[in-house]
Amino acid sequence: MADYVIAIDQGTTSSRAIIFDRKGNIVSVGQREHEQIFPKPGWVEHDANEIWRNVQEVIGVALAKADLTRHDIASIGITNQRETAVVWDRKTGKPVYNAIVWQDTRTQAIVDRLAGDEGVDRFKSIVGLPLATYFSGTKIVWILENVEGARERAEAGDLLFGTTDSWVLWNLTGGPEGGVHATDVTNASRTLFMDLETLEWRDDILEAFDVPRSMLPKICSSSEVYGVAENSSLLRETPVSGILGDQQAATFGQAAFDAGESKNTYGTGNFLIFQTGTEIVHSKNGLLTTVGYKIGDEPAHYALEGSIAVTGSLIQWLRDSLGIISSAPEVERLAASVEDNGGVYFVPAFSGLYAPYWRPDARGAIVGMTRFVNKSHIARAALEATAFQTREVLDAVNADSGVNLEELKVDGGMTANDALMQFQADLLGVPVVRPMITETTALGAAYAAGLAVGFWQGLDDLRANWQEDKRWTSQMADEERDRQMRLWKKAVTKSMDWVDDDVK
Ligand code: ADP
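The model shown is predicted, which means the values in this text are computed figures rather than measured ones. (Residues numbered from 1 in each chain as written. Predicted model: local features only at pLDDT ≥ 70, side-chain atom pairs only at ≥ 80, totals over all residues. Heavy atoms only, no water.)

Novice: Talk me through the side chain of His46; I want residue IDs and the actual numbers.
Specialist: With respect to the secondary-structure elements, His46 resides in strand 4 (residues 45–46). Here His46 falls in the buried class, since its relative accessible area comes to 0%. Within the local environment of His46, its side chain forms a polar contact with the side chain of Gln36, the two groups lying 2.9 Å apart. Among all residues touching His46, those that are not within four sequence positions of it are Thr12, His34, Glu35, Gln36, Ile37, Ile51, Gln81, Asn98, Ala99 and Val101. (Helix = DSSP H or I, 4+ residues; strand = E, 2+ residues; numbered from the N terminus. Buried < 20%, exposed > 50% of the residue type's maximum accessible area, 1.4 Å probe, protein only. Polar contact = N/O pair within 3.5 Å; in protein donor to acceptor, adjacent residues only side chain to side chain. Contact = heavy atoms within 4.5 Å.)

Following this line, the structure appears as structure tokens:
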């Protein structure tokens, strides 16, 4: 009897395989980081072959650690870094170029060209997104225009596009020998090509981008059997039956299914998702409209999203580029060694500013520097930047939805940082709540996969699994909170208007 579900979490920094039991407890984990490739300023790539090798390896590690075989696994779920674009040859399975990662800003000129006189909101009422380098559509265009022979091969029907869910699914189900080329509605809603109402690719938008429709995967629901793992796989014949983009998966894993429920994930970047039910809500405050999830034939559920590009990756930058800490958790000690930020504000607009500003012309700024400031203040300002940015996104959610959020469910690597979570509650003025199982991204994918094969009966089973671990409540006076937000907003203005013809 199969008592477990396995989730493959193909993330920005690593790939994981996590095995869950029926209560949603973690049974075992396999994890492997992959290389972050930065060929030029603003460019971020991954080697898709390395990612697929790592996925296979971590599946083996997770099974071995738990002493389980494929017979114990009811189904496979996939969750993934969204918007990261892979283009590969359907006959050989070889990528034509490295995966272009969601943070990559090389496509700004393509964005400007497409925006033309109509501006970046040209397709927003249809797809829910502004034109931005962030989304996968512009990355496909770059590959077609810059990789030798790619355009001709694509026109001939030889090339396939996918975000990394599709890349993993296609390889897992057979690759060149009958691999399933599909994606789910949540990933499709991040391309700039999917009509939010019909949940289908829009031919007029594909034409505007000049992307052949034959490259695109079939759009499926988030919870259905897409195919089975191929024979050479350790999981052979096991159904692959759940796909959710990482942020939607985390929301699902937090059992935030209904309109008005939300979660905020603190990882490489920060992503707040606010469910709006079966209604499509268009933001007036810089949020994205996206698909939350779709279970089989049931109607799609939509969400508003506030994406922040740089949060946890700023801590990585302190470690890898500045060298003032040797591990991410060490930032806690450094930040705690000073009483406050010493007047320093760090706006990490490394890829421009995402929500709620959407300013590609912004670049990183550390302001308020005096001779008094030392590396501890910088570390503290870097941590605080995450909480400030989150508060601004939450203000936008409150304005768009017309109801004030009463508490914030959180997850992700940075929620291990107690001081940050306390500062977050202080800045929000509402409680911040962390569940027992913080691997909500993988859990959400496991849930979607398990629902499709009857491993779980319905959403109530999943709600019953959610348990609170820790809660932080605000201890900051209103005047101090207002003062901090005023200074932060002033710092944000200093990061804008930096990129011009001379500075890219
Ligand atoms: P992702 O899934 O996006 O790869 P994770 O949820 O695993 O990210 O979170 C990892 C991020 O959290 C890293 O960017 C790391 O810098 C940051 N991080 C980890 N531990 C801490 C900590 N104690 N304090 C602050 N940031 C941390």
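Novice: With reference to specific residues and values, describe the site of the ligand.
Specialist: Contacts to the ligand come from 18 residues, most closely from Thr13, Thr268, Gln316, Glu332 and Gly413. Taking Thr268, its side chain carries an N or O atom lying 2.6 Å from an oxygen atom of the ligand. A distance of 2.9 Å is found between an oxygen atom of the ligand and a backbone nitrogen or oxygen belonging to Gly312. Secondary-structure elements contributing two or more residues to the shell around the ligand are helix 10 (312–322) and helix 11 (330–336). Per-element tally for the shell around the ligand: the top contributor is helix 10, with four residues. (Near = heavy atom within 4 Å.)

Novice: How would you sum up the packing of aromatic side chains? Please name residues and give values.
Specialist: All told, the structure shown has 24 aromatic pairs when counted by the stated rule. Where Tyr134 meets Tyr354, the ring centres are 4.7 Å apart and the plane angle is 35 degrees; that geometry is what we call tilted. One end of the pair, Tyr134, is in the loop between helix 3 (124–127) and helix 4 (136–146); the other, Tyr354, is in the loop between strand 17 (345–347) and strand 18 (365–367), with 220 residues separating them in the sequence. On the numbers, 5.8 Å between centres and 50 degrees between planes, the contact of Tyr345 with Phe388 is tilted. Taken together, the residues span a long stretch of sequence, with Tyr345 in strand 17 and Phe388 in helix 12 (residues 375–401) at a distance of 43 residues. In this structure, Tyr345 and Phe388 share a single accessibility class: buried. Within the aromatic cluster, the residues linked to one another by ring pairs are Trp102, Tyr134, Phe135, Phe271, Tyr354 and Trp358. The ring of Phe455 carries Arg22 above its face, with NZ or CZ at 4.0 Å from the centroid. Sitting over the ring of Trp43, Arg106 keeps its end group 3.7 Å from the ring centre. (Phe/Tyr/Trp six-rings, centres within 6.5 Å; stacked < 30°, edge-to-face > 60°. Lys NZ or Arg CZ within 6 Å of the ring centre and 35° of its normal.)

Novice: Before we move on, could you go through a negative patch on the surface and cite the residues and values that matter?
Specialist: Where like charges cluster on the molecular surface, the negative patch consists of Asp497, Asp500, Asp501 and Asp502. Along the chain, Asp497 turns up in the segment after helix 16 (478–495). Residue class for Asp497 comes out exposed when judged on its relative accessible area of 62%. (Patch = residues over 30% accessible without salt bridge, like charges linked within 9 Å, V, L, I, M, F, W, Y side chains within 5 Å. Areas by Shrake-Rupley, 256 points an atom, 1.4 Å probe, with all protein chains shown as cover. Salt bridge = Lys/Arg side-chain N within 4 Å of Asp/Glu carboxyl O. Lys, Arg positive; Asp, Glu negative; His and termini not counted. Charge placed at Lys NZ, Arg CZ, Asp CG, Glu CD.)

Keep in mind these values describe shape, not function.
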